[in-house]
Amino acid sequence: MDAPTTAKPKKAVDINVLRCLNPECRALLAYEVDSNNVLYLDLSWSAKQAGSTRYFPCPKCHGKNCLESIDVNGKAKQRVARFEA
């Protein structure tokens, strides 16, 4: 009798909660990102803006977690790239 074959489990999507990029703070922000800090859902419309810089403010240290546009498989995505005090 043949042993039943099992399907390989699908790889889970790598989703994390965004943390402040300030290494001394690391507070939780209300956004989901992948392991490269690319927004899981495009909530960049809710980002604040100062000049040409779009950012998510940290509720704890009040710094700026700055966004940049990147190309992922031909689609424009938003990535939290750096921290500014």
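Above this note sits the structure.
All values derive from a computational prediction rather than experimental measurement.

The rules behind each value
Residues numbered from 1 in each chain as written. Predicted model: local features only at pLDDT ≥ 70, side-chain atom pairs only at ≥ 80, totals over all residues. Heavy atoms only, no water. Helix = DSSP H or I, 4+ residues; strand = E, 2+ residues; numbered from the N terminus. Buried < 20%, exposed > 50% of the residue type's maximum accessible area, 1.4 Å probe, protein only. Contact = heavy atoms within 4.5 Å. Areas by Shrake-Rupley, 256 points an atom, 1.4 Å probe, with all protein chains shown as cover. Lys, Arg positive; Asp, Glu negative; His and termini not counted. Charge placed at Lys NZ, Arg CZ, Asp CG, Glu CD. Phe/Tyr/Trp six-rings, centres within 6.5 Å; stacked < 30°, edge-to-face > 60°. Lys NZ or Arg CZ within 6 Å of the ring centre and 35° of its normal. Pairing = 2+ DSSP bridges. Axes fitted to C-alpha atoms, helices over the stretch in contact; angles between N-to-C directions.

Engineer: So what exactly am I meant to see when it comes to the overall build of the chain here?
Structural biologist: The secondary structure content of the chain amounts to zero helices and six strands. Shown N-terminal to C-terminal, the secondary structure of the chain runs as helices and strands in the order β-β-β-β-β-β. Counting only C-alpha atoms, the chain reaches 70 × 30 × 20 Å along its principal axes. Relative to its 85 residues, the chain shows a buried fraction of 27%. Once local pairs closer than 6 in sequence are excluded, the contacts in the chain between residues at least 24 apart make up 31%. Per element, the accessible surface of the chain, about 6400 Å² overall, is 51% carbon and sulfur. Of the side-chain charges in the chain, 13 are positive and 9 negative, and the distance between the mean point of each set is 4 Å.

Engineer: Honestly, the packing of aromatic side chains in this entry has me stumped. Any pointers?
Structural biologist: Both the distance between ring centres and the angle between the ring planes are used here to describe each pair of aromatic rings. Counted by the stated rule, this structure contains one aromatic pair. Seen from their ring centres, Tyr31 and Phe56 are 3.8 Å apart, and the 20 degrees between their planes marks the pair as stacked. Here the residue Tyr31 occupies a position in strand β2 (residues 28-33), and Phe56 occupies one in strand β4 (residues 53-57), the gap between them amounting to 25 residues. Residue classification places Tyr31 among the buried positions, given a relative accessible area of 16%. Looking at Phe56, the relative accessible area reads 1%, which means it is buried. Its end group placed over the ring of Tyr55, Lys64 keeps NZ or CZ at 5.0 Å from the ring centre.

Engineer: Just to check I follow, could you spell out the sheet that holds strand β6 (residues 75-84) for this structure?
Structural biologist: By definition, the strands of a sheet pair up through backbone hydrogen bonds, in either a parallel or an antiparallel sense. The strand order across the open sheet built from four strands is β3-β4-β5-β6, with neighbouring strands paired in antiparallel fashion. Of all strands in the sheet, those with a lone pairing partner are β3 (48-50) and β6, marking the two edges. Put simply, the sheet's adjacent strands are angled 45 degrees from each other on average, direction ignored. Summarising the sheet, β3 and β4 pair through three bridges and their orientation is antiparallel.

Engineer: Even after reading the chapter, I still don't get the environment of Ala85, so can you show me in this structure?
Structural biologist: In this structure, Ala85 sits in the segment after β6. With 60 residues separating them along the chain, Ala85 and Cys25 place their C-alpha atoms 11 Å apart.

Function cannot be inferred from these measures alone, as they are strictly geometric.
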